[in-house]
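What follows is the residue order along each chain.
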Amino acid sequence: MREVTTPLGPEVESWQAGDRILLSGVIYTARDAAHQRMAQEGMPLPWQGQAVYYAGPSPAPPGRPIGSVGPTTSGRMDAFAPLLMAQGLRAMIGKGERADSVVEAMRKYGCVYLAAIGGAGALLGECVKEAEIAAYPDLGPEAVWRLVVEKMPLVVAIDCQGGNLYQSEPPKYRKGGGC
Amino acid sequence: MREIHLSKVTEEVARACLRACHRLGEGMKEALAHARSQEESPLGQWVLEQLLDNAQLAEAGPLPLCQDTGMVVVFAQIGQDVHFTGGNWEEAVAEGVRKAYVEGNLRKSVVSHPLWRENSGDNTPPVIHTRIVPGDEVKLWIMPKGFGSENKSRLFMLNPTEGVEGVKRAVVQTVSEAGGSPCPPTVVGIGVGGTMEQACILAKWALARPVGQKAPDPKVAQLEQEILEELNKLGIGPAGFGGRVTSFAVHMETYPTHIAGLPVAVNLLCHAARHEQVVL
Ligand code: SF4
């Protein structure tokens, strides 16, 4: 278990698929609509050393900074991911496989892909200590949120050295047969 | 003739949506605990433990199980001796959804048009399937449906001669291609027969069953078990990080079909399996 705090630097390049991470510090959410807008209108914030979280939270109940906030399927952001990496992004947080083009860009720019547990929205929401909208308030649940998180449980899903949990692990548990 | 005021429907729908988003559907907690005892992969065990913690947090606290509180699907069986008063049936159901999502801090995930994509602001409309049945009761199944798993669902129009093996292949292919995206372990709803749309509706209806409840027809129940065993050989595991438990349960519903066809719909439901039943 590795405890790390954002902003992140070149150290992420040594992380390996399967490493568990407890992440603290500032992260930014962005999902489909926000990515589309960044691609069209330019970046609303400097991504250098930052982590993007593919997520759209549920509204904050009274007395809480935010509602539930688990990851959405990262693959839908594949086309946009290299744009953010070119700006210095060091980590992407989401769920599910990534396209080869994303994995290539990760190696080129030194960025890791971390998986949060899909559907563990309440548990991940409890890790958020502060939240404010950083850009695109008109997008509602798809706005870019600046979150301050504490010990967010993650696992390195794809690293910069070619390791990929989604490819290396299932075959170990696969049984013959199938149909 | 029994009169039911539609405000009662609104109230019950609202309450069921809220409950569903905070409390795992019937059978799911047991399924998670059982999976934890079966799973061999250390990462898989870690995922299942976090999901059990997540369920506890959501049930006790103000945060819903998952931030994707879904698009609401409602199955309704309305007794033919019921007379609704005080408004419009579909509007009354939608009002219940609106109330739960606006007042209950649930995420509004519905856009008013699939192409122009403006958020409707209150998670309406729901998708409503109404059947008229004998009697004077109203039964509702309220299922907020997340789209991580919905997006990985599939329809196959098989040739009749493909038979049981064809159905198995279709389901295994769907679950295999979905990988980690539908938040496995999943519950797999299968609709076999009918017409194209009927197969899809049956697949969704299969998910309304308490998790792990077998089909009443023993031959179908046997097939459910065989398919589940095939799925759990895939190795996808919890969250797609590898493991023995890829699906918790397979639920199959069937309907007569045409001599020329074998429609098969596969609807995936993530571990945030949300369904509530209400009887009025
Ligand atoms: S697939 Fe289900 S558990 Fe996963 S994010 Fe969507 S609603 Fe939540």
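Residues numbered from 1 in each chain as written. Chains lettered and ligands numbered in written order. Predicted model: local features only at pLDDT ≥ 70, side-chain atom pairs only at ≥ 80, totals over all residues. Heavy atoms only, no water.

Caption draft 1: Here's a closer look at the overall build of chain A. When you go through chain A residue by residue, the secondary structure sums to six helices and seven strands. Written out in order from the N terminus, the α and β elements of chain A read β-β-α-β-α-β-α-β-α-β-β-α-α. Taking 16 Å as the expected radius of gyration for a compact globule of 179 residues, we find that chain A reaches 16 Å, a close match to that expectation. A sequence separation of at least 24 residues applies to 61% of the contacts in chain A between residues at least 6 apart. Surface accessibility of chain A: about 6800 Å² in total, with carbon and sulfur atoms responsible for 47%. Within chain A, one finds 17 positive and 18 negative side-chain charges whose respective centroids are separated by 5 Å. (Helix = DSSP H or I, 4+ residues; strand = E, 2+ residues; numbered from the N terminus. Rg over C-alpha atoms; globule rule 2.2 N^0.38 Å. Contact = heavy atoms within 4.5 Å. Areas by Shrake-Rupley, 256 points an atom, 1.4 Å probe, with all protein chains shown as cover. Lys, Arg positive; Asp, Glu negative; His and termini not counted. Charge placed at Lys NZ, Arg CZ, Asp CG, Glu CD.)

Caption draft 2: Layout of the packing of helix 6 (residues 163-178) of chain B against helix 8 (residues 218-231) of chain B. All names here are of chain B. It is the contact of helix 6 with helix 8, at a shortest axis distance of 10 Å, that shows an interaxial angle of 40 degrees. Regarding the angle of helix 6 to helix 8, the classification is oblique. Every pair of crossing elements has a handedness; the one defined by helix 6 and helix 8 is right-handed. Within the contact between the two elements, helix 6 uses Val-164, Val-167, Lys-168, Val-171, Val-172 and Val-175 and helix 8 uses Leu-223, Glu-226, Ile-227, Glu-230 and Leu-231. The residue makeup of the contact of helix 6 with helix 8, split by class, is eight nonpolar, no polar and three charged. (Axes fitted to C-alpha atoms, helices over the stretch in contact; angles between N-to-C directions. Parallel < 35°, antiparallel > 145°, perpendicular 65-115°, else oblique. Left-handed = near helix turned anticlockwise from the far one by under 90°. Nonpolar A, V, L, I, M, F, W, Y, C, P; charged D, E, K, R; others polar.)

Caption draft 3: Quick peek at the side chain of A:Arg98. Residue and element names in this part refer to chain A. Mapped onto the elements of the fold, Arg-98 is located in the loop between strand 4 (91-94) and helix 3 (100-109). Polar side-chain contacts of Arg-98 include one of 2.7 Å to the side chain of Asp-78. Not counting residues up to four positions away in its chain, the partners in contact with Arg-98 are Tyr-54, Ser-74, Gly-75, Met-77, Asp-78, Ala-81, Met-92, Val-103, Tyr-113 and Ile-158. (Polar contact = N/O pair within 3.5 Å; in protein donor to acceptor, adjacent residues only side chain to side chain.)

Caption draft 4: A look at the pattern of salt bridges. If you walk through the whole model with that rule in mind, you get 31 salt bridges over all chains. Between A:Arg98 and A:Asp78 there is a salt bridge, with the nearest N and O atoms lying 2.7 Å from each other. Residue A:Arg98 is located in the loop between strand 4 and helix 3, and its partner A:Asp78 is located in the loop between strand 3 (51-53) and helix 2 (81-86); the two are separated by 20 residues in the primary sequence. Note on A:Asp78: relative accessible area 11%, which makes it buried. Residue B:Glu226 pairs with B:Lys168 through a salt bridge whose shortest N-O separation is 2.8 Å. Here B:Lys168 lies in helix 6 and B:Glu226 lies in helix 8, a separation of 58 residues in the sequence. Residues joined by salt bridges that share partners form a network here, namely A:Arg31, A:Asp32, A:Arg76 and A:Glu142. (Salt bridge = Lys/Arg side-chain N within 4 Å of Asp/Glu carboxyl O. Buried < 20%, exposed > 50% of the residue type's maximum accessible area, 1.4 Å probe, protein only.)

Caption draft 5: Structural view of the domain arrangement of chain B. Residue and element names in this part refer to chain B. When cut into domains, chain B gives domain 1 (2-20 + 65-145) and domain 2 (148-272). Taken together, the contact pairs nine residues of domain 1 with twelve residues of domain 2. Ranking the residues of domain 1 by area buried against domain 2 places Phe-75, Met-143 and Lys-145 at the top, with a combined share of 61%. Taken together, the links from domain 1 to domain 2 amount to one salt bridge. Put simply, Glu-150 and Lys-145 hold a salt bridge, and the shortest N to O gap is 3.0 Å. Here domain 1 is connected to domain 2 by three residue pairs in polar contact (both at pLDDT 80 or more). For the side of domain 1 that touches domain 2, the secondary-structure elements that each account for two or more residues are strand 2 (71-79) and strand 5 (138-145). Split by residue class, the side of domain 1 that touches domain 2 holds five nonpolar, two polar and two charged. (Domains from an automatic or database assignment. Buried area = accessible area lost by both parts, 1.4 Å probe.)

Caption draft 6: Representation of the confidence of the model for chain B within the structure. Here chain B shows a mean pLDDT of 96. Residues at 70 or above account for 100%. With pTM at 0.93, the complex prediction returns an ipTM value of 0.91. (pLDDT = per-residue confidence, 0-100.)

Caption draft 7: Focus on the interface of chain B and chain A. In this complex, chain B contributes 41 residues to the contact, which on the side of chain A involves 44 residues. Carbon and sulfur atoms make up 64% of the surface buried where chain B meets chain A, a total of about 3600 Å² over both sides. On the chain B side of the interface with chain A, the three residues burying the most area are B:Leu63, B:Gln67 and B:Phe241, jointly 19% of the side's total. Across the chain B-chain A interface, the total number found is zero salt bridges. Between the two partners, chain B and chain A, sit 13 residue pairs in polar contact (both at pLDDT 80 or more). Mapped onto the side of chain B that touches chain A, the elements with two or more residues apiece are helix 3 (42-60) and helix 6 of chain B. The greatest single-element share of the side of chain B that touches chain A, amounting to ten residues, is contributed by helix 3 of chain B.

Caption draft 8: Geometry of unusual backbone geometry. The omega angle of the peptide bond from A:Thr6 to A:Pro7 is 0 degrees, so this bond is cis rather than trans. Tracing the chain through its elements places A:Pro7 in the loop between strand 1 (2-5) and strand 2 (20-29). Cis geometry marks the peptide bond from B:Thr124 to B:Pro125; its omega dihedral reads 0 degrees. With respect to the secondary-structure elements, B:Pro125 resides in the loop between helix 4 (89-103) and strand 4 (127-133). Positive phi, close to 50 degrees, is recorded for A:Lys151, a residue that is not glycine. Secondary-structure assignment places A:Lys151 in strand 7 (residues 144-158). Residues other than glycine seldom take positive phi values, yet B:Asn105 does so here, at roughly 55 degrees. One can find B:Asn105 in the loop between helix 4 and strand 4.

Caption draft 9: Local environment of the site of the ligand. As a structural note, the neighbourhood of the ligand is formed by 13 residues, with A:Gly119, B:Cys66, B:Cys183, B:Cys270 and B:Arg274 the closest of them. Of the residues that constitute the shell around the ligand, the class distribution is five nonpolar, five polar and three charged. Each of domain 1 (2-20 + 65-145) and domain 2 (148-272) of chain B accounts for three or more of the residues forming the shell around the ligand. (Near = heavy atom within 4 Å.)

Caption draft 10: Just the environment of B:Met252, in detail. Assignment of secondary structure puts B:Met252 in strand 8 (residues 247-257). Here B:Met252 is in contact with B:Val167, B:Ile190, B:Val192, B:Ala206, B:Arg209, B:Ala215, B:Val220, B:Leu223, B:Glu224 and B:Ile227, once residues within four sequence places are set aside.

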